[in-house]
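# Examining the three-dimensional arrangement
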Amino acid sequence: MEVSPVLRDAKLNDVTSVILPPATIGILGGGQLGRMMALAGRALGYRFMVLDPTPDCPTAHVADKQVVAAFSDIEAARRLAQMSDVVTYEFENVDAEVAQALETFSRVPQGSTLLATTQHRVREKTSLSDAGIPVTPFVPIFSFADFENAMTTLGSKIVVKTSRGGYDGKGQWMVHSPADLFKHRAEWEDIFAVNHAGGSSLAPLIAEQFIPFRGELSVVVARNAKGEVKAFPPAENQHVNHILHLSIVPARFPESLLHQAQVLAEQIAQAMEMVGLLAVEMFVTEDGQLFVNELAPRPHNSGHYTMDACVTSQFEQHIRAICNLPLGDVSLLTPVVMVNVLGQHLEEVLARMSTLPGHVKVHLYGKAEARGDRKMGHLNVLCDHVDEALNWIAKQGIWN
């Protein structure tokens, strides 16, 4: 299935051409996002290859072939590219250097620039701020001494985050006063030492102003190489222990605010000239302001509701965007609440599978081991009004 050098060169030189089925799509990353991406793409007639270090990963169940290798293995990524007409990634912790190398001998519509930007919080916040997008005020932290400037600039209540990595609350610290800084000093000094030893010129930590907010929104937006942009309806997100628990659509905020959130997401997509999907996470303040908190250049957990509640799912939309097809209709067909199924919930969900009502749509990821707080699946609870779905979820007792 190797693509001929002539064909590959032609594709590289014509990034606006359409990639039609039965072309092969290579996915860097084999988790649940890649799995659902491949399932949506198979319905369109595409074939799939996946690179992931875990044998028999979730995406491998629905792909034609898996390359078992580390995400930093450039030669393995090259093998994936040789079997693929186009390469995409399903999560942003794929090595940006691998994505950059792939661009030299494969078609990677998402590119490596946006990936590198979103992999580093200081770079991400700076790019957004430079584009005129409202972000939480921040200060890069290179050493412990920088916290004095951070608290002078931002106030004594700050959120400290690692600039790279960290998810579901990992790599984050809440600081309520200058005295709190010393509780974490040893941990942070280790991070500074590793960063210095690695020769990085970028700040390993970022301090952000604590913004009291009354809710969180996310908007998944798509853009293809032709410049067509479409944003899905915003989701209202609720977290438990820093892990997404519920996505509520329509979000329970004024219509004008939801429209503003979609416009912001579309502005970011255009400003960054991204191709594929971008999830834009935002805080909503008490006085109705929006602050962009984080970007994810891929399908997103908060967009899973689209699988059953929208004309086009986020996964089909991603395939359409990277293959430069016309983007699908993003209209909401029905109110919906998405609830995550973590490892501690799976047994009870499986026990009730035979009695779940028809408006509850089950999506399980095929992961081999159910561990506490590990995302094993999700339910999309369709409804006439989101309060009905929220009440149904609460009555199950599974997520108490």
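Above this note sits the structure.
This report concerns the structure included in the present document. (Residues numbered from 1 in each chain as written. Predicted model: local features only at pLDDT ≥ 70, side-chain atom pairs only at ≥ 80, totals over all residues. Heavy atoms only, no water.)

### Here we look at the overall build of the protein chain
Within the protein chain, the secondary structure is distributed over 14 helices and 17 strands. Counting only C-alpha atoms and orienting by the principal axes, one finds that the protein chain spans roughly 60 × 55 × 40 Å. Buried positions account for 55% of the 400 residues belonging to the protein chain. For the protein chain, the exposed surface amounts to about 16700 Å²; the carbon and sulfur share of it is 51%. Of the charged side chains in the protein chain, 32 are positive and 44 negative; the average position of the first set lies 4 Å away from that of the second. (Helix = DSSP H or I, 4+ residues; strand = E, 2+ residues; numbered from the N terminus. Buried < 20%, exposed > 50% of the residue type's maximum accessible area, 1.4 Å probe, protein only. Areas by Shrake-Rupley, 256 points an atom, 1.4 Å probe, with all protein chains shown as cover. Lys, Arg positive; Asp, Glu negative; His and termini not counted. Charge placed at Lys NZ, Arg CZ, Asp CG, Glu CD.)

### So, helix α10 (residues 255-271)
For an α-helix the count is 3.6 residues per turn, leaving residues at separations of three or four pointing the same way. Taking 1.5 Å per residue, 17 residues should reach 24 Å; α10 reaches 24 Å between its end C-alpha atoms and fits that length. Each element contacted by the buried residues of α10 is listed here: α6 (121-130), β9 (213-223), β10 (229-231), β13 (276-285) and β14 (290-296). (Expected span 1.5 Å × (residues − 1). Contact = heavy atoms within 4.5 Å.)

### Structural notes on the sheet that holds strand β2 (residues 47-52)
Sheet strands pair by backbone hydrogen bonding; their relative direction is either parallel or antiparallel. One open sheet holds the 4 strands; their spatial order is β3-β2-β1-β4, and the pairing between them is parallel. Edge positions in the sheet fall to β3 (65-68) and β4 (86-89), since each of these pairs with one other strand and no more. Strand-to-strand twist of the sheet, defined as the mean angle between neighbouring strand axes without regard to direction, takes the value 25°. Note: β2 against β3, 4 bridges, orientation parallel. (Pairing = 2+ DSSP bridges. Axes fitted to C-alpha atoms, helices over the stretch in contact; angles between N-to-C directions.)

### Looking at the sheet that holds strand β8 (residues 205-209)
One open sheet holds the 4 strands; their spatial order is β5-β8-β6-β7, and the pairing between them is antiparallel. What marks the edges here is a single partner per strand, and that holds for β5 (138-141) and β7 (172-175). For this sheet, the mean angle separating the axes of adjacent strands, direction not counted, is 20°. In terms of strand pairing, β5 meets β8 through 4 bridges, oriented antiparallel. Bridge pairing links I141 to L205 in β8. Sitting on the sheet, α6 is in contact with β5, β6 (158-162), β7 and β8, with an inclination near 45° to β8. Against the sheet, helix α9 (residues 185-197) contacts β5, β6, β7 and β8, and its axis sits at roughly 135° relative to β7.

### Some remarks on the packing of aromatic side chains
The final tally for this structure, using the stated rule, is 6 aromatic pairs. When the centroid spacing of 5.5 Å and the interplanar angle of 65° are considered together, the rings of F144 and F147 count as edge-to-face. Across the pair, F147 and F144 agree in class, each one buried. Three or more aromatic residues joined by ring pairs make a cluster, and in this case those are F144, F147, W173, F182 and W188. Taking NZ or CZ as reference, R185 lies 4.1 Å from the ring centre of F144, over its face. (Phe/Tyr/Trp six-rings, centres within 6.5 Å; stacked < 30°, edge-to-face > 60°. Lys NZ or Arg CZ within 6 Å of the ring centre and 35° of its normal.)

### Focus on the pairing of β7
Along β7, the buried face is formed by W173 and V175; none of Q172 and M174, which line the opposite face, is buried. Two elements, β6 and β7, share 4 bridges in a ladder whose sense is antiparallel. Its bridge partner lying in β7, V160 is registered against W173.

### What to know about the pattern of salt bridges
The final tally for this structure, using the stated rule, is 12 salt bridges. E294 is the salt-bridge partner of R121, the closest N and O atoms lying 3.3 Å from each other. Of this pair, R121 sits in helix α6 while E294 sits in strand β14; the two residues are 173 residues apart in sequence, bridging distant segments of the chain. Where K183 meets D180, a salt bridge forms, and the shortest distance between an N and an O atom there is 3.0 Å. When salt bridges with common partners are traced through the structure, they connect R42, R47 and D64 into a single cluster. (Salt bridge = Lys/Arg side-chain N within 4 Å of Asp/Glu carboxyl O.)

### Structural notes on the side chain of S163
Following the sequence through the fold, S163 ends up in the loop between β6 and β7. When its relative accessible area of 2% is taken as the criterion, S163 is described as buried. At 2.7 Å, the side chain of S163 forms a polar contact with the backbone oxygen of A203. Within the structure, S163 has its side chain in polar contact with the backbone nitrogen of L205 (distance 3.4 Å). Look past the residues within four positions of S163 in its chain and what remains in contact with it is Q119, H120, R121, V122, A203, P204, L205 and I206. (Polar contact = N/O pair within 3.5 Å; in protein donor to acceptor, adjacent residues only side chain to side chain.)

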